[in-house]
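The lines below spell out each chain.
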Amino acid sequence: MLDRQGIVMTQKKLRRLYREEKLQVRKRGGRKGALGTRRPMLVPDCANSRWSLDFVSDTFTDGRRFRVLAVVDDYTRECLALIADTSLSGLRVVRELDTIMRWRGRPAMIVSDNGTELPPMAVLRWCQQTGVEWHYIAPGKPMQNAFVESFQRAPQASW
């Protein structure tokens, strides 16, 4: 702006005047890069190639909250488990996944969002023990986990 008005001033002098007048200029934010890779996830080609997890929560009439964990096989679109409880810890989720794996077999990959209801330490330890790859979807992009989202958003019966 000073150049346009014909005032010639060095950067040092300009900063000194701003500091003396207690003025502040907001710095522009840089361009935000994409988180993770832009490589799309492959469509599953057989059963147990990819499972999806997601939580749904609601409240009882007395105000207590409860959660339901849905586990869906993305290839067969089969619901492998619906686990409902007032408290679902990471250890409980891992224990339920072990139970499903006993009768269903080991998945190649599990997809979920990186929500607060799934503590990463329990999941990381379980992934290292079982050799299952865990893929987190990008924040705010539920369509990356579309198989389980479409399962949860099924039309409800009208009463």
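Residues numbered from 1 in each chain as written. Predicted model: local features only at pLDDT ≥ 70, side-chain atom pairs only at ≥ 80, totals over all residues. Heavy atoms only, no water.

(A) Summary view of the packing of helix 2 (residues 90-104) against helix 3 (residues 120-130). Axis separation between helix 2 and helix 3 bottoms out at 9 Å; the angle between their running directions is 30°. Regarding the angle of helix 2 to helix 3, the classification is roughly parallel. Contacts from Gly-90, Leu-91, Val-94, Leu-97, Asp-98 and Met-101 in helix 2 reach Ala-122, Trp-126 and Thr-130 in helix 3. (Axes fitted to C-alpha atoms, helices over the stretch in contact; angles between N-to-C directions. Helix = DSSP H or I, 4+ residues; strand = E, 2+ residues; numbered from the N terminus. Parallel < 35°, antiparallel > 145°, perpendicular 65-115°, else oblique. Contact = heavy atoms within 4.5 Å.)

(B) Highlighting the side chain of Arg-104. In this fold, Arg-104 is placed in helix 2. Of note is the side chain of Arg-104, whose polar atom sits 2.6 Å from the side chain of Glu-78. Dropping the residues within four chain positions of it, Arg-104 is found in contact with Ala-47, Asn-48, Trp-51, Asp-73, Thr-76, Glu-78 and Leu-80. (Polar contact = N/O pair within 3.5 Å; in protein donor to acceptor, adjacent residues only side chain to side chain.)

(C) Here's a closer look at the packing of aromatic side chains. Considering all chains together, one arrives at three aromatic pairs under this definition. Between the aromatic rings of Trp-126 and Trp-134, the centroid separation amounts to 6.2 Å while the plane-to-plane angle is 85°, which identifies the pairing as edge-to-face. Trp-134 shares its class with Trp-126; the two are buried. Through a chain of ring-to-ring contacts, the aromatic side chains of Trp-126, Trp-134 and Tyr-136 assemble into a single cluster. (Phe/Tyr/Trp six-rings, centres within 6.5 Å; stacked < 30°, edge-to-face > 60°. Buried < 20%, exposed > 50% of the residue type's maximum accessible area, 1.4 Å probe, protein only.)

(D) Representation of the confidence of the model for the chain in the model. Summary statistics for the chain give a mean pLDDT of 80 and a share of 79% for residues scoring 70 or more. Within the chain, helix 2 carries the highest mean pLDDT (91), whereas helix 4 (residues 146-152) carries the lowest (66). In this model residues 33-38 is a low-confidence stretch, pLDDT under 50, and it forms one contact with partners more than four residues away in sequence or in other chains. (pLDDT = per-residue confidence, 0-100.)

(E) Layout of helix 2. Under the 1.5 Å per step criterion, the end-to-end length of helix 2 is 21 Å for 15 residues, consistent within 8% with the ideal 21 Å. Taken together, the buried positions of helix 2 are occupied by Gly-90, Arg-92, Val-93, Val-94, Leu-97, Ile-100, Met-101 and Arg-104. Where helix 2 is buried, its residues contact strand 1 (50-59), strand 2 (65-73), strand 3 (78-85), strand 4 (109-112), helix 3 and strand 5 (133-136). Downstream of helix 2 by a residue or two, Gly-105 has a phi angle that is positive, lying close to 105°. (Expected span 1.5 Å × (residues − 1).)

(F) Expanded view of the pattern of salt bridges. Counted under the stated rule, the structure contains seven salt bridges. One salt bridge connects Glu-78 with Arg-104, and the closest N-O pair in it is separated by 2.6 Å. Residue Glu-78 is located in strand 3, and its partner Arg-104 is located in helix 2; the two are separated by 26 residues in the primary sequence. For Arg-104, a relative accessible area of 16% puts it in the buried group. Arg-92 is paired through a salt bridge with Glu-96; the nearest N and O atoms lie 3.0 Å apart. With Arg-92 and Glu-96 both in helix 2, this residue pair falls four residues apart, about one helical turn. It is possible to trace a salt-bridge network through shared partners that takes in Asp-73, Glu-78 and Arg-104. (Salt bridge = Lys/Arg side-chain N within 4 Å of Asp/Glu carboxyl O.)

(G) Up close: the pairing of strand 3. With seven bridges joining them, strand 2 and strand 3 adopt antiparallel strand pairing. Its bridge partner lying in strand 3, Leu-69 is registered against Ile-83. From the end of strand 2 to the start of strand 3, which pair antiparallel, there are four residues, and Arg-77 there has a positive phi angle of about 60°. (Pairing = 2+ DSSP bridges.)

(H) Structural view of the sheet that holds strand 1. Taken together, five strands build an open sheet; the order of strands is 3-2-1-4-5 and the sheet is mixed. The open sheet has two free edges, formed respectively by strand 3 and strand 5, since each of these has just one partner strand. Taken pair by pair, the neighbouring strands of this sheet meet at an average axis angle of 20°, ignoring direction. One ladder, built from nine bridges, connects strand 1 with strand 2; its direction is antiparallel.

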